Amino acid sequence: MAFSLLSVGARAMSANYAALQTTGNNIANANVAGYSRQEVEFSTANGQYTPSGFIGQGVDVTTISRAHDAFLTREVSAAQSQAAADSTRLDLLSQMENAFPTGDSGVGAAASSLLGAFTDLSTSPGDASARQVVLSRADQLAQRFANAGEQLNALQDGVVKDLRTAINGANGITSGIAQLNAQIVRQQAQGQPPNDLLDKRDQLVQQLSGYLQVSTVAAPDGSIGVFAAGGQSLVLGDQVQKLEVTADRMDGSRAALGVRQGNGMLVTLDSTALSGGGSMGAMLRFQNQDLVAARNSLGQMATAVSARMNQQQALGLDLRSPAGSGQPLFTDFVSQSQAGALRGLADVGNARDGSGNALGSVEIHIDDASLLEAAEYTLEGAAGGGYVMTRTSDGQRFSTADGQSFTREGAAAGSDASFHPGFTLNIEGVSAGDRFLLQPVGGAAANMRRVLDDPRGLAAAAPLTASPQRTNTGTATVSALTMTGSGFDASHSVQGSLSFTDDGGAYEYKWDELDASGAVVGSNTLTGTWQAGQPIALEGFSLTLAGRPAKGDSIAVATTTNPAINNGNARALAGLGTESFIGRNWSAAGSTGGDTITNAYAGALANVGSRVQVARTASEISDGVATNALAQRDAKTGVDTDEEGAKLIQYQKSYQAAAKVLQVAQTVFDALLQATSR
């Protein structure tokens, strides 16, 4: 019996010593991130049979378990993944906001300054200093667009570099998970869970979630598989598939993520499946959505502004000798010379020749910059012939047979399904299944320049001059002559007369175009009725009258002979500030809507500001959710030093009691020895 009592005491001391050691380890690691509280699990040793019944044999240590909750652990990883994504996107959007400055440093202020300079020029159309100010203001506007575009391009480059850095961190973590998998499998095979290794692996999975959203699947041998992008494996057992940064399939300036498989093949991951969480997912979302929207918005403005001002400039007369139609003021995105900069980008999977060059090509030709959308499109060759163009921002599809006219798919019955995007396409050699990314405006801002250097090249004068006859009896005067058609041949002259045939405003306009020899090369007669407050639309120009004409009144129209004192086109250029020529909507009845320069820029500012504000709110919310999730997990699995201190006293007393059992057993054993030795 003494030997049994010794065994019971020894077991009790050993078990309580293990409990003391585990409790002390908990206290030591109370402030270690990711450490899970450990606890000794006891079980009663099998009793010894006697005729009088089973006599207990003490206690055994079954295992040392860790406080672990799989659900809360997954919740922490998911919450921190979302928090990392929202924080990263907020940071990137805040940087993008710097490309859209407000106040005097913004595009809107530069546009207003240019329009003001045109107004000043209209008061002194021949003044060299006023002309130089216009060029200076035009250069400032072009630089504002270019600087903003370059900032967005720099952000794109920064995203690619940050992705490469993040990839290195993520690959280091997946390698660590694979190594821990191997160690855990070996040690768990001995029959007991390696708690510290399991904690380290959970911590690495949590860190990996900060880079991208992942899921894990436990295997029977104790290892886990780590998956991303809807099922692509990153870790299986002790095997790792490395992440890589690769170029986007169609736009090589953008980045995509891929996984290098064991056979050496690189599998590109779906960016939409990665955008759910993690800093890398946020970078891809920012690159493919926010940055594209900002670049297109800025490019739409740059293209429309340059096209409209160049168009109005071409309608006037400059001060060169001899005077001619105004040359482009800004980069000409509409002219055929710029078509090479507006090519559709071919998908890497398109049909190619033996040298790897795409067999098909697509060129974009802008024909009406006011109709251009702030959007990108994909074009794909249809199996049955023709092509399908899809707007990437909302998925709206348009069909076209030749790239010249487009039909909106899914239009309501009876409605006009025709669509005019402001450009046409020159499509050559495109096969069914070939895909192209169309960027009509995305690169415009960064490439906008002032291209007119000679102040004399500013076309401040209208090529025609309208003069009321002195014998008129009505009160009508010419308020404005605005050119509306293509520029007149400077080598020809025009002689015309607008005559009012009654007091109600009925008129007849006759004109002749004469060549340099005085021969008539063109003539026409137009009739109509003038209405107060409405311009009179005539051949290539319109007249706005102040006052009221009377029967028999006439207005002479002739070629401008002294451009230095004519301000007709300068006034028209200044008037562009109130014209809505950006983002107009096309319909069979004519284009409608649109924004002015300042309103378009204000809208872009509001859009970016809204994105930043939404991102800031989302970041604050997700950060709070992540903090709460971590607190809930730690409350269940972390170390409470007060509780561990109480356990320490409990196990200390149990250990001392076990030692007393051994002391009693020793006394009994000594008594037995003395009794048997007599």
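Everything numeric in this text was worked out from a predicted model, so none of it was measured. (Residues numbered from 1 in each chain as written. Predicted model: local features only at pLDDT ≥ 70, side-chain atom pairs only at ≥ 80, totals over all residues. Heavy atoms only, no water.)

Engineer: Teacher, can you tell me more about the overall build of the chain here?
Structural biologist: Per the secondary structure count, the chain includes 10 helices and 28 strands. Taken against the 2.2 N^0.38 rule, which gives 26 Å for 678 residues, the C-alpha radius of gyration of the chain at 40 Å runs more than 25% over that of a compact globule. Each of the three principal axes of the chain carries a C-alpha extent, and together these read 160 × 55 × 50 Å. Within the span of the chain, comprising 678 residues, buried residues form 44% of the whole. Once local pairs closer than 6 in sequence are excluded, the contacts in the chain between residues at least 24 apart make up 68%. Summing over all exposed atoms, the chain offers an accessible surface of approximately 31500 Å²; the carbon and sulfur share of this is 49%. Seen as two clouds, the 44 positive and the 62 negative side-chain charges of the chain have centres 6 Å apart. (Helix = DSSP H or I, 4+ residues; strand = E, 2+ residues; numbered from the N terminus. Rg over C-alpha atoms; globule rule 2.2 N^0.38 Å. Buried < 20%, exposed > 50% of the residue type's maximum accessible area, 1.4 Å probe, protein only. Contact = heavy atoms within 4.5 Å. Areas by Shrake-Rupley, 256 points an atom, 1.4 Å probe, with all protein chains shown as cover. Lys, Arg positive; Asp, Glu negative; His and termini not counted. Charge placed at Lys NZ, Arg CZ, Asp CG, Glu CD.)

Engineer: Whenever I open this one, empty space enclosed by the protein confuses me. Can you help?
Structural biologist: Empty pockets left among the atoms are what a rolling probe the size of a water molecule brings to light. Taken as a whole and assessed by the stated rule, the structure comprises three cavities of 30 Å³ or more. In terms of lining, the largest cavity is formed by Gly34, Ser36, Ala67, His68, Asp69, Thr73, Asp199, Asp202, Gln203, Gln206, Arg633 and Thr637. Broken down by element, the lining of the largest cavity gets its largest block of residues, four residues, from helix H5 (residues 195-209). For the lining of the largest cavity, a count of residues per class yields one nonpolar, seven polar and four charged. Taken as a whole, the second largest cavity spans an internal volume of roughly 50 Å³. (1 Å grid on protein atoms, 1.4 Å probe; cavity = no way out; pocket = protein on both sides within 12 Å on 5 of 7 lines; lining within 4 Å. Points joined across faces, edges and corners; volume = space filled by probe spheres on them. Nonpolar A, V, L, I, M, F, W, Y, C, P; charged D, E, K, R; others polar.)

Engineer: What exactly am I supposed to notice about unusual backbone geometry here?
Structural biologist: Leave glycine aside and you will find that most residues have negative phi; peptide bonds, for their part, are mostly trans. For the bond from Ser321 to Pro322, the omega torsion is 0°, close enough to zero to count as cis. Within the fold, Pro322 resides in the loop between helix H7 (278-314) and strand S12 (345-346).

Engineer: Help me understand the pattern of salt bridges, please; the structure alone is not making it clear to me.
Structural biologist: It is possible for side chains bearing opposite charge to pair when their charged atoms get close. On inspection of all chains with the given rule, the structure shows 21 salt bridges. Among the ionic pairs, Arg11 bridges to Asp60, the shortest N-O distance being 2.3 Å. Here the residue Arg11 occupies a position in helix H1 (residues 2-28), and Asp60 occupies one in strand S4 (residues 59-66), the gap between them amounting to 49 residues. You can call Arg11 partly exposed: its relative accessible area is 31%. Take Asp60: its relative accessible area is 30%, and that puts it in the partly exposed class. When the shortest N-O distance is used, the salt bridge between Arg249 and Asp347 registers 2.6 Å. Here Arg249 is found in the loop between strand S9 (242-247) and strand S10 (255-260), whereas its partner Asp347 is found in the loop between S12 and strand S13 (361-366), with 98 residues between them in sequence. (Salt bridge = Lys/Arg side-chain N within 4 Å of Asp/Glu carboxyl O.)

Engineer: Can you help me understand the layout of surface pockets in this one?
Structural biologist: In this structure, the largest pocket encloses a volume near 1100 Å³. Elements with a contribution of two residues or more to the lining of the largest pocket: S10, helix H6 (271-274), H7, strand S20 (435-438) and helix H9 (597-637). At 12 residues, H7 tops the list of elements feeding residues into the lining of the largest pocket. The space that makes up the second largest pocket amounts to roughly 510 Å³. Thr73, Arg74, Asp202, Thr216 and Ile224 are, among the 23 residues lining the second largest pocket, the residues nearest its centre. Elements with a contribution of two residues or more to the lining of the second largest pocket: helix H2 (70-97), H5 and strand S5 (214-218). Here the lining of the second largest pocket gets six residues from one element, more than from any other, and that element is H2.

Engineer: Explain a nonpolar patch on the surface here, please?
Structural biologist: Together, Leu5, Val664, Val668 and Leu672 line one region of the surface with nonpolar side chains, adding up to about 280 Å² of accessible area. Counting residues per element, the nonpolar patch draws most heavily on helix H10 (residues 641-676), which supplies three residues. Tracing the chain through its elements places Val668 in helix H10. (Patch = residues over 30% accessible without salt bridge, like charges linked within 9 Å, V, L, I, M, F, W, Y side chains within 5 Å.)

Engineer: How should I be thinking about the side chain of Gln300 in this particular structure?
Structural biologist: By secondary structure assignment, the location of Gln300 is in helix H7. Those residues in contact with Gln300, other than ones at most four positions away along the chain, are Leu372, Glu373, Ala374, Val441, Ile582 and Gly583.

Engineer: What should I look at first to understand the packing of aromatic side chains in this one?
Structural biologist: Given two aromatic rings, one states the distance between the centres and the angle between the planes to describe the pair. One pass over the structure, following the stated rule, counts eight aromatic pairs. Taken together, a centroid distance of 6.5 Å and an interplanar angle of 50° make the contact between Tyr17 and Tyr655 tilted. In this pair, Tyr17 is assigned in helix H1 and Tyr655 in helix H10, connecting sequence segments 638 residues apart. Take Tyr655: its relative accessible area is 28%, and that puts it in the partly exposed class. Geometrically, the ring pair formed by Phe100 and Tyr601 is stacked, given 6.5 Å between the ring centres and 25° between the ring planes. Highlighted residues: Phe100 in the loop between H2 and helix H3 (107-123) and Tyr601 in helix H9, separated in sequence by 501 residues. Three or more aromatic residues joined by ring pairs make a cluster, and in this case those are Tyr377, Phe406 and Phe423. (Phe/Tyr/Trp six-rings, centres within 6.5 Å; stacked < 30°, edge-to-face > 60°.)

Engineer: Please explain the sheet that holds S12 as it appears in this structure.
Structural biologist: Sheets are built from strands paired through backbone hydrogen bonds, the pairs being either parallel or antiparallel. As summarised here, the arrangement of the seven strands in space is S12-S20-S14-S15-S16-S17-S18, forming an open sheet in which the pairing is antiparallel. Sheet topology places S12 and strand S18 (418-419) at the edges, where each strand pairs with a single neighbour. In this structure, strand S14 (residues 377-381) lies alongside S20, joined through four bridges in antiparallel fashion. In the strand pairing of S20, Glu380 is matched with Arg435. (Pairing = 2+ DSSP bridges.)

Engineer: Where do I start with the sheet that holds strand S8 (residues 239-240) in this structure?
Structural biologist: Reading across the sheet, the four strands line up as S5-S6-S7-S8 and stay open at both edges, with antiparallel pairing between neighbours. Whereas interior strands pair on both sides, the edge strands pair on one side only; in this sheet they are S5 and S8. Note that strand S6 (residues 224-228) and strand S7 (residues 232-236) share four bridges and pair antiparallel. Looking across to S7, one finds that Gly225 is bridged to Leu236.

Engineer: Just checking my understanding: could you explain the packing of helix H4 (residues 128-188) against H7 for this structure?
Structural biologist: Taken N-terminus to C-terminus, the directions of H4 and H7 make an angle of 165°; their axes are 10 Å apart at the nearest point. The angle between H4 and H7 falls in the class roughly antiparallel. As for how H4 packs across H7, the hand of that crossing is left-handed. Looking at side-chain class alone, the contact of H4 with H7 contains 20 nonpolar, four polar and two charged residues. (Axes fitted to C-alpha atoms, helices over the stretch in contact; angles between N-to-C directions. Parallel < 35°, antiparallel > 145°, perpendicular 65-115°, else oblique. Left-handed = near helix turned anticlockwise from the far one by under 90°.)

Engineer: Got a minute to help me understand the packing of H2 against H5 in this structure?
Structural biologist: How two helices pack is summed up by the angle between their axes together with the distance between the axes. At a closest axis distance of 8 Å, the pairing of H2 and H5 adopts a crossing angle of 25°. In terms of orientation, H2 and H5 fall into the roughly parallel class. Crossing of H2 against H5: the hand is right-handed. Residues Thr73, Val76, Ser77, Gln80 and Ser81 of H2 lie in contact with H5, whose contacting residues are Asp202, Val205, Gln206 and Ser209. Class assignment for the residues of the contact of H2 with H5 results in two nonpolar, six polar and one charged.

Engineer: What's the story with the pairing of strand S27 (residues 541-546) in this structure? I'm lost.
Structural biologist: Each regular strand shows side chains that alternate between the opposite faces of the sheet. As paired elements, strand S22 (residues 477-483) and S27 share six bridges and run antiparallel to each other. What sits directly across from Met483, in S27, is Phe541. One ladder, built from two bridges, connects strand S26 (residues 536-537) with S27; its direction is antiparallel. Residue pairing for S27: Ile536 is matched across the bridge by Leu543. In textbook terms, the turn of a hairpin is the stretch between consecutive antiparallel strands, and for S26 and S27 this stretch comprises three residues, one of which, Gly540, has a positive phi near 85°.

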